[in-house]
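# Structural features, examined
Residues per chain are reported as follows:
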Amino acid sequence: MSTRTSWADLAANSAAENTTAGSSANNASVGTTSAAPARSTYVPPHLRNRVPSSDPPAPAYSGPASSNDRQGYGGPASSNDRQGEREVNPFGDDDDTEQAFSEQENTGINFDAYEDIPVETSGENVPPPVNTFAEIDLGEALNQNIRRCKYVKPTPVQRHAIPISLAGRDLMACAQTGSGKTAAFCFPIISGIMKMQGQSAQRPLRGARTVYPLALILSPTRELSMQIHEEARKFSYQTGVKVVVAYGGAPLNQQLRELERGVDILVATPGRLVDLLERARVSLQMVKYLALDEADRMLDMGFEPQIRKIVEQNDMPLPGARQTMLFSATFPKEIQRLASDFLFNYIFLAVGRVGSSTDLIVQRVEFVHESDKRSHLMDLLHAQRANGVQGKQALTLVFVETKKGADSLEHWLYVNGFPSTSIHGDRTQQEREQALRSFRSGNTPILVATDVAARGLDIPHVAHVVNFDLPNDIDDYVHRIGRTGRAGKTGLATAFFNEGNASLARSLADLMQESNQEVPAWLSRYAVRSSYGGRNRRSGGGRFGGRDFRRDSSFSRGSSDYYSGANSSGGYGASGGYGGYGSGMTSAWD
DNA sequence: AAAAAAC
């Protein structure tokens with residue numbers, strides 16, 4: 001059955017084609033176009049005036065705010081100007097797009113298992129969930145793309161999150177790895193921008209080459225931004241909504257050229273975006289939608305300053321004047337608290353799983369001394385060779401702690417006859433993308449990776465995730481094993497545990513128990529010995545992703561504002577029907 | 001202590 005391939009594979013293929021074609025085309029024109037940095041238009045952030053929203057926008061222009069009018073350097077361009085330039089069909093099915101629809105495939109998700117998914121919502125006036133895409137007014141062009149993607153029915157997170165977003169509400173959403181979060185925030189954004197196209201919107205005229213995206217989607221790694229871009233491009237095909245991606249390690253000029261051709265939705269990693277903002281090539285003044293994917297990662301210690309810079313120290317509209325959506329599979333309470341700075345009267349949504357992490361992934365933990373790890377891995381891989389699928393070895397993703405460790409393990413595997421490659425932050429962007437392509441295609445069915453590959457990447461056919469080195473944080477473990485068992489498929493996750501991982505024992509044992517996994521007796525003994533509920537306790541507790549920190553009374557001390565108003569009573573549980581947990585939950589702050 | 005993210 002070809003269901004598994006459908007569009008996820010197309011994404012991989014088209015990503016591969018785009019990168020190669022794109023880079024060679026670009027090389028040809030670099031130097032002839034605007035290669036020089038825009039020094040003349042650069043204004044340091046602290047000298048830029050924040051334009052109050054009441055200011056009349058600069059005159060000059062009053063056309064529809066569609067992507068079509070934003071090419072070039074800001075001169076009004078009729079919406080016909082891009083007609084000659086045909087939009088590349090991201091589905092690769094130019095001949096008969098409706099044929100794909102008639103196959104009635106879905107993405108392989110077991111939809112029956114959705115019926116009793118636990119859901120928690122909290123916040124004021126939570127819009128009710130929908131059961132079908134048809135009952136939501138997303139617009140015909142978007143609906144057609146949804147059909148082309150063979151999405152027959154919304155996933156649980158989509159059922160709840162899309163109506164909330166369409167109602168204009170801010171949202172903090174927890175949903176399992178592989179459960180369709182990208183579409184959940186892309187659909188409302190695309191639909192909203194399509195509706196704006198009809199209105200006559202005016203755009204300010206600053207630097208002639210400044211572009212004004214209407215939506216900004218941030219993610220923590222370059223490859224994840226690429227993936228989101230590919231998906232968003234499918235969803236917005238022939239809608240007139242233009243999606244552009246910007247990330248580091250790749251030629252800036254090519255990305256600038258894309259931006260100048262018009263951008264409605266900008267997908268970016270933080271570093272490159274800050275660069276573009278400092279060069280005044282991008283203004284966030286017109287942003288109506290802000291989405292943070294892997295939001296807890298985006299707000300952790302390493303990223304928070306950059307995110308604050310982007311969101312708070314540029315010209316982005318304030319919370320309430322924009323719509324903000326935060327998505328992740330994990331949401332530690334202390335990060336939730338931080339995140340509330342970026343939100344206005346938001347709804348918290350936690351959706352239990354299907355198509356992901358816990359029950360569909362068989363988790364094994366083996367006690368392996370540091371010095372035995374390689375030979376132990378070899379044993380696993382040998383055993384796996386036997387059960388290759390269709391003559392192809394199943395894909396195995398091996399996580400290690402350090403970049404050096406990744407290089408050396410990859411080399412060792414290679415020497416020992418296992419075709420493998422690696423991805424980590426010390427490799428060039430070309431090498432990283434090549435490694436991912438080669439892994440996806442099965443050419444090198446073993447990928448050794450650092451945490452750069454832990455989050456968000458959708459790689460079909462990953463049968464086995466090996467935690468060669470366990471992470472220090474249980475949430476990272478959740479994301480790593482979530483690279484398998486996606487969209488209703490089963491998966492296997494094996495962890496090598498030894499004395500060095502004692503601090504993880506407790507949370508690992510808890511997580512495994514919550515997901516009905518067999519917990520080895522020796523691990524339980526480690527668990528009792530180690531940290532009593534410390535920082536490593538699972539953020540949400542319970543069977544799935546999380547719980548609104550506003551409902552936790554421990555957060556009210558010393559900060560009454562968090563506990564007041566919005567969530568005092570009655571507002572939550574509107575669509576829940578899952579009351580079986582909550583009382584005995586330990587706060588991550590306890 | 002490590003990883004990620006701009007040039």
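Residues numbered from 1 in each chain as written. Chains lettered and ligands numbered in written order. Predicted model: local features only at pLDDT ≥ 70, side-chain atom pairs only at ≥ 80, totals over all residues. Heavy atoms only, no water.

## Details of the pattern of salt bridges
- This structure, assessed with the given rule, holds 26 salt bridges.
- The salt bridge involving Arg-297 is made with Asp-476; its shortest N-O contact spans 3.5 Å. Remark: Asp-476 occurs in helix α16 (residues 474–481) and Arg-297 occurs in helix α9 (residues 295–298); sequence separation between them is 179 residues.
- Classification of Arg-297 by relative accessible area gives partly exposed; the value is 21%.
- The closest approach of N and O atoms between Lys-373 and Glu-370, which form a salt bridge, is 3.1 Å.
- On the basis of relative accessible area, Lys-373 is assigned to the buried category, the value being 2%.
- Taken together, the salt bridges that share partners define one network made up of Glu-304, Arg-308, Glu-312 and Asp-341. (Salt bridge = Lys/Arg side-chain N within 4 Å of Asp/Glu carboxyl O. Helix = DSSP H or I, 4+ residues; strand = E, 2+ residues; numbered from the N terminus. Buried < 20%, exposed > 50% of the residue type's maximum accessible area, 1.4 Å probe, protein only.)

## Concerning the protein's contact with DNA strand B
- Neighbouring DNA strand B are 23 residues, the closest being Gly-248, Arg-272, Lys-403, Gly-425 and Arg-432.
- Sugar plus phosphate: this is where 77% of the atoms of DNA strand B within 4 Å of the protein reside.
- Contact distances for DNA strand B include 2.9 Å between a phosphate oxygen and a backbone N or O atom of Gly-248.
- Within the side chain of Thr-269, one N or O atom sits 3.0 Å away from a phosphate oxygen of DNA strand B.
- Of all the elements, helix α8 (residues 270–278) adds the most residues to the surface near DNA strand B, at four residues.
- Of the residues in the surface near DNA strand B, the class split is four nonpolar, 12 polar and seven charged. (Near = heavy atom within 4 Å. Polar contact = N/O pair within 3.5 Å; in protein donor to acceptor, adjacent residues only side chain to side chain. Nonpolar A, V, L, I, M, F, W, Y, C, P; charged D, E, K, R; others polar.)

## A short note on the packing of α16 against helix α17 (residues 502–514)
- For the pair α16 and α17, interaxial distance at closest approach is 10 Å and the crossing angle is 45 degrees. Looking at the two axes, α16 sits oblique to α17. Considering how the two elements wind past one another, α16 and α17 form a crossing that is right-handed. Here Ile-474, Tyr-477 and Val-478 of α16 lie close against α17, whose contacting residues are Leu-504, Ser-507, Leu-508 and Leu-511.
- Partitioning the contact of α16 with α17 into residue classes produces six nonpolar, one polar and no charged. (Axes fitted to C-alpha atoms, helices over the stretch in contact; angles between N-to-C directions. Parallel < 35°, antiparallel > 145°, perpendicular 65-115°, else oblique. Left-handed = near helix turned anticlockwise from the far one by under 90°. Contact = heavy atoms within 4.5 Å.)

## Here's the deal with the sheet that holds strand β6 (residues 289–293)
- Taken together, the eight strands give an open sheet; going across it, the order is β1-β8-β2-β7-β6-β3-β5-β4, and neighbouring strands pair in mixed fashion. In this open sheet, the two strands that pair with only one neighbour each are β1 (119–122) and β4 (243–246). Averaged over all adjacent pairs, the angle separating strand axes in this sheet is 15 degrees, with direction ignored.
- Sheet topology note: the strand β3 (residues 215–218)/strand β5 (residues 265–268) ladder contains four bridges and is parallel. Its bridge partner being in β5, Ile-217 is matched across the sheet by Val-267. (Pairing = 2+ DSSP bridges.)

## Focus: the side chain of Ser-340
- With respect to the helices and strands, the residue Ser-340 is situated in the loop between α11 (333–339) and β8 (347–351).
- The class of Ser-340 is buried, set by a relative accessible area of 15%.
- Looking at Ser-340, its side chain comes within polar contact range of the main-chain oxygen of Arg-337, at 2.6 Å.

## Section: the UniProt feature "short sequence motif: Q motif" (unreviewed entry) in chain A
- Mapped onto this structure's residue numbering, the UniProt feature "short sequence motif: Q motif" (unreviewed entry) falls at residues 131–159.
- Between the first and last C-alpha atoms of residues 131–159 the distance is 6 Å; the span itself is 45% helix and 0% strand. (UniProt positions renumbered as here; feature names shortened; annotations may be inferred.)

## Quick notes on helix α15 (residues 429–440)
- Helix length check: α15, at 12 residues, gives a terminal C-alpha distance of 16 Å against a target of 16 Å (1.5 Å per residue), a fit within 8%.
- Among all positions of α15, only Gln-429, Arg-432, Glu-433, Ala-435, Leu-436, Ser-438 and Phe-439 are buried.
- Downstream of α15 by one or two residues, Gly-442 has phi in the positive range, about 85 degrees. (Expected span 1.5 Å × (residues − 1).)

## What to know about the pairing of β4
- Both faces of β4 are covered, namely the face carrying Val-243 and Val-245 and the face carrying Val-244 and Ala-246.
- The pairing of β4 with β5 spans four bridges and is parallel. Counterpart to Val-244 in the pairing with β5 is Leu-266.
- The handedness of the β4 to β5 crossover, carried by helix α7 (residues 252–260), is right-handed. (Right-handed = clockwise from strand over helix to strand, strands pointing away.)

## Structural notes on unusual backbone geometry
- A positive phi is found at Ala-280, a non-glycine position, where the angle reads about 60 degrees.
- Within the secondary structure layout, Ala-280 lies in the loop between α8 and β6.
- Judged by its relative accessible area of 4%, Ala-280 is buried.
- If you check the backbone angles, Asn-345 has positive phi at about 45 degrees while not being a glycine.
- Relative to the elements of secondary structure, Asn-345 occurs in the loop between α11 and β8.
- The exposure class assigned to Asn-345 is partly exposed, which follows from its relative accessible area of 29%.

## So, the sheet that holds strand β12 (residues 446–449)
- Across the sheet, six strands lie side by side as β9-β14-β13-β10-β12-β11; this open sheet has parallel pairing. If you trace the sheet from one side to the other, it starts and ends with β9 (361–367) and β11 (420–423), each paired once. Taking each pair of neighbouring strands and ignoring which way they run, the sheet shows an average axis angle of 20 degrees.
- For strand β10 (residues 395–399) and strand β13 (residues 462–467), the ladder comprises five bridges, and the chain directions are parallel. Counterpart to Val-398 in the pairing with β13 is Val-466.
- Along the sheet, helix α18 (residues 521–529) contacts β9 and β14 (491–497); its crossing angle with β9, the most-contacted strand, is approximately 75 degrees.

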